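These are the residues of each chain, in order.
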Amino acid sequence: MGAGSWGTTFGQVLCDAGTPSVVCCRRPELAQAINERHENPDYLPGITLTPELRAAADPAYALRGADLVIFAVPAQLLRENLRHWAALVPADAQFVSLIKGIELDTCKRMSEVIAEVLDVPDGRIGVVSGPNLSREIAQRQYAATVVACPDEAAAVRLQRACHTGYFRPYTNTDVTGCELGGAVKNVIALAVGMAVAMQLGDNTRAMLITRGLAEMARLGTVLGASPQTFAGLAGLGDLVATCGSPLSRNRTFGEKVGRGLSVAAASSMGGQVAEGVKSSESVLALARKHGVEMPITEVMAAVMHEGLPVAEAATMLASRSAKPEWYGS
C-alpha cells in the first residue's frame, strides 16, 4: 500500500522471492506505467521492474485476498489512510510497516498506529528496517535488512516471503528498537547533510553519526528496546547508509538547508518525503516525555520548525558542556 520508491522496490523483492504482489498507487496513470512499461517513472526512473509486479489504483482490488498487507506511505499520512482501508483489509492478514517515522501529536510508532486503527494484536504486526536505499535494491544490488515481529513465527514467515539472492532479511522480535532506529537515523542524517553542505570534514560526520547512535540507544533503552538492536542493521547499519549516501533523501534535504535554502523552499522542491523533517519534532517530544537527552535531535527540530539558523545550530552543538562518553539511561 504505497507506490513510492521503497514500496515499489519491496514489491519487486517479494516477487523475486516468489511472493506474488500488487503495489497500490494513488494515481491510475502510475499503475498503468508499472503494469505496461514495468517502470515507476516518478520514483525509480530508468529502472526496469520485474514483469511479475502488478499495480492497481483501487485499494479494494489490491487488498483482496492478501496474506501480507504492507504499508509504505509517509508516516504522517498512515493513520488517515488506514481509516480508509480498514474495511477492506482481509481479516486474517499479517500487517507490515516499511515506514520510518514517529507520528506527530501522539508520538506513536507506526506499528502502534496500525494496532490502534485496525484493532489487531501486536503479534500480527511486523516492521522491515535496515540499510535499504531503494534505488540500489531495485537494481538488485546486495543488501540486508531486519524483519521484526513480537511473534517470532510471524517474523520467520515474513523473512521467507522476502528472502532473495540479493536481499537477505534477518529476524528480530524487538519491534520497538527497529522502529526507533529507523526514525531517529533520519533526524541524524539531516545534521550530516548540513555538515556536508558546510564543507565540514569526515571527523564531524563521524562525530554526528556516533553521537546520533548514542541518542538512539538512550531513547530506545528507556522505551524497552534491546541495546543489541542499535548495534545491528536496523540501528548502526541504517544510520551509516542514510548519513553516508547521496541517495538518502534526509541527508539530501539537510544539504539543501545547509546551502541556505529555507525548510519551506527545500520542501517545495518536490520528490519524496524526508521523514526526518517532521519526525524531528515527534522524536524530540517522545524524548522529553521520557526525560531522555537528545541534543542533535533538539537542534535539528529547532532548525526545521523554529527557524534556528544553520550556523547557530553548529555552534550550539559544538559548545555543549563536557560529559562522559556514556551517560544517562
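Refer to the structure presented above.
Residues numbered from 1 in each chain as written. Predicted model: local features only at pLDDT ≥ 70, side-chain atom pairs only at ≥ 80, totals over all residues. Heavy atoms only, no water.

How should I be thinking about the pairing of strand S3 (residues 68-71) in this particular structure?
When a strand is regular, its side chains alternate between the sheet's two faces. Both S3 and strand S4 (residues 94-97) contribute to a ladder of four bridges, which runs parallel. Bridge pairing in S4 places Val69 opposite Phe95. Once you follow S3 into helix H4 (residues 78-85) and on to S4, the crossover reads as right-handed. (Pairing = 2+ DSSP bridges. Helix = DSSP H or I, 4+ residues; strand = E, 2+ residues; numbered from the N terminus. Right-handed = clockwise from strand over helix to strand, strands pointing away.)

Teacher, can you tell me more about the sheet that holds S4 here?
Strand pairing in a sheet relies on backbone hydrogen bonds. The paired strands run either parallel or antiparallel. If you trace the five strands from one edge of the open sheet to the other, you get S3-S4-S5-S6-S7, paired in mixed fashion. Edge strands, defined here as strands with exactly one partner in the open sheet, are S3 and strand S7 (167-172). With direction set aside, neighbouring strand axes in the sheet form an average angle of 25°. Where strand S6 (residues 143-148) lies against S7, six bridges are found, and the strand directions are parallel. The residue bridging Val146 from the neighbouring strand is Tyr170, located in S7. (Axes fitted to C-alpha atoms, helices over the stretch in contact; angles between N-to-C directions.)

Would you mind going over the state of the cysteines with me for this structure?
Think of a disulfide as a covalent bridge from one cysteine sulfur atom to another cysteine sulfur atom. Counting across every chain of the model gives zero disulfides. Here Cys25 stays free of any disulfide, with the sulfur of Cys24 as its closest cysteine sulfur at 6.7 Å. We classify Cys25 as buried; its relative accessible area is 3%. Take Cys243: it sits in no disulfide, and the sulfur closest to it among the cysteines is that of Cys178, at 17 Å. (Disulfide = S-S within 2.5 Å. Buried < 20%, exposed > 50% of the residue type's maximum accessible area, 1.4 Å probe, protein only.)

Mind showing me how you'd approach the packing of helix H8 (residues 175-197) against helix H12 (residues 249-258) here?
The description of two helices packed together rests on the angle between their axes and the distance between the axes. Axis separation between H8 and H12 bottoms out at 6 Å; the angle between their running directions is 45°. By the criterion of interaxial angle, the relationship of H8 to H12 is oblique. Crossing geometry of H8 relative to H12 is assigned as right-handed. Facing H8, whose interface residues are Asn186, Ala189, Leu190, Gly193, Met194, Val196 and Ala197, H12 presents Asn250, Arg251, Phe253, Gly254, Glu255, Val257 and Gly258. (Parallel < 35°, antiparallel > 145°, perpendicular 65-115°, else oblique. Left-handed = near helix turned anticlockwise from the far one by under 90°. Contact = heavy atoms within 4.5 Å.)

For this particular structure, what's the right way to read the packing of aromatic side chains?
To describe a pair of aromatic rings, one takes the distance between the centres and the angle between the planes. Taken as a whole and assessed by the stated rule, the structure comprises five aromatic pairs. Here Phe71 and Phe95 contribute two aromatic rings whose centre-to-centre distance is 6.2 Å and whose plane-to-plane angle is 15°, an arrangement assigned as stacked. Of the two residues, Phe71 is situated in strand S3 and Phe95 in strand S4; the sequence distance between them amounts to 24 residues. Classification of Phe71 as buried rests on a relative accessible area of 0%. In textbook terms, an aromatic cluster arises when at least three aromatic residues are bridged by ring pairs, as seen for Trp6, Phe10 and Phe167. (Phe/Tyr/Trp six-rings, centres within 6.5 Å; stacked < 30°, edge-to-face > 60°.)

Help me out: how do you make sense of unusual backbone geometry in this one?
As a rule of thumb, non-glycine residues mostly have phi less than zero, and peptide bonds are mostly trans rather than cis. Even without a glycine there, the phi angle at His38 is positive, about 55°. Residue position: His38 is located in the loop between helix H2 (28-36) and strand S2 (54-56). You can call His38 partly exposed: its relative accessible area is 23%. A positive phi angle is found at Cys107, which is not glycine, with a value near 60°. Within the secondary structure, Cys107 is located in the loop between S4 and helix H5 (110-118).

Could you clarify how one ought to interpret helix H9 (residues 202-222) in this entry?
Since the α-helix advances by 3.6 residues per turn, residues separated by three or four positions end up pointing in the same direction. Given a rise of 1.5 Å per residue, 21 residues ought to cover 30 Å, and the 30 Å separating the end C-alpha atoms of H9 matches this to within 8%. The set of residues buried in H9 consists of Leu208, Ile209, Gly212, Ala214, Glu215, Met216, Arg218, Leu219 and Gly220. Packing partners of the buried residues in H9 comprise H8, helix H10 (227-230), helix H11 (233-244), helix H14 (275-289), helix H15 (295-306) and helix H16 (310-318). Remark: Gly224 follows H9 within two positions and exhibits a positive phi of approximately 95°. (Expected span 1.5 Å × (residues − 1).)

I would appreciate a short explanation of the pattern of salt bridges in the present structure.
When charged atoms on two side chains of opposite charge get close, those side chains can pair. Applying the stated rule across the entire model yields 14 salt bridges. Between Asp238 and Lys185 there is a salt bridge; the shortest N-O distance is 3.6 Å. Linking Asp238 in helix H11 with Lys185 in helix H8, this pair joins segments that are 53 residues apart in sequence. We note that Asp238, like Lys185, is buried. Notably, a salt bridge pairs Glu255 with Arg259, separated by 3.6 Å at the nearest N-O pair. Glu255 gets classed as buried once you look at its relative accessible area, which sits at 14%. The exposure class assigned to Arg259 is exposed, which follows from its relative accessible area of 57%. (Salt bridge = Lys/Arg side-chain N within 4 Å of Asp/Glu carboxyl O.)

What's the story with the environment of Thr164 in this structure? I'm lost.
With respect to the secondary-structure elements, Thr164 resides in the loop between helix H7 (152-162) and S7. At 2.9 Å, the side chain of Thr164 forms a polar contact with the backbone nitrogen of Phe167. (Polar contact = N/O pair within 3.5 Å; in protein donor to acceptor, adjacent residues only side chain to side chain.)

Hey, could you run me through the side chain of Asp174 in this one?
Residue position: Asp174 is located in the loop between S7 and H8. Buried charged residue Asp174 carries no salt bridge. Nearest counter-charge: Arg109, at 7.5 Å. There is a polar contact of 2.6 Å between the side chain of Asp174 and the side chain of Thr229. Setting aside anything within four residues of it in sequence, one finds Asp174 in contact with Ala148, Ala225, Ser226 and Thr229. (Lys, Arg positive; Asp, Glu negative; His and termini not counted.)

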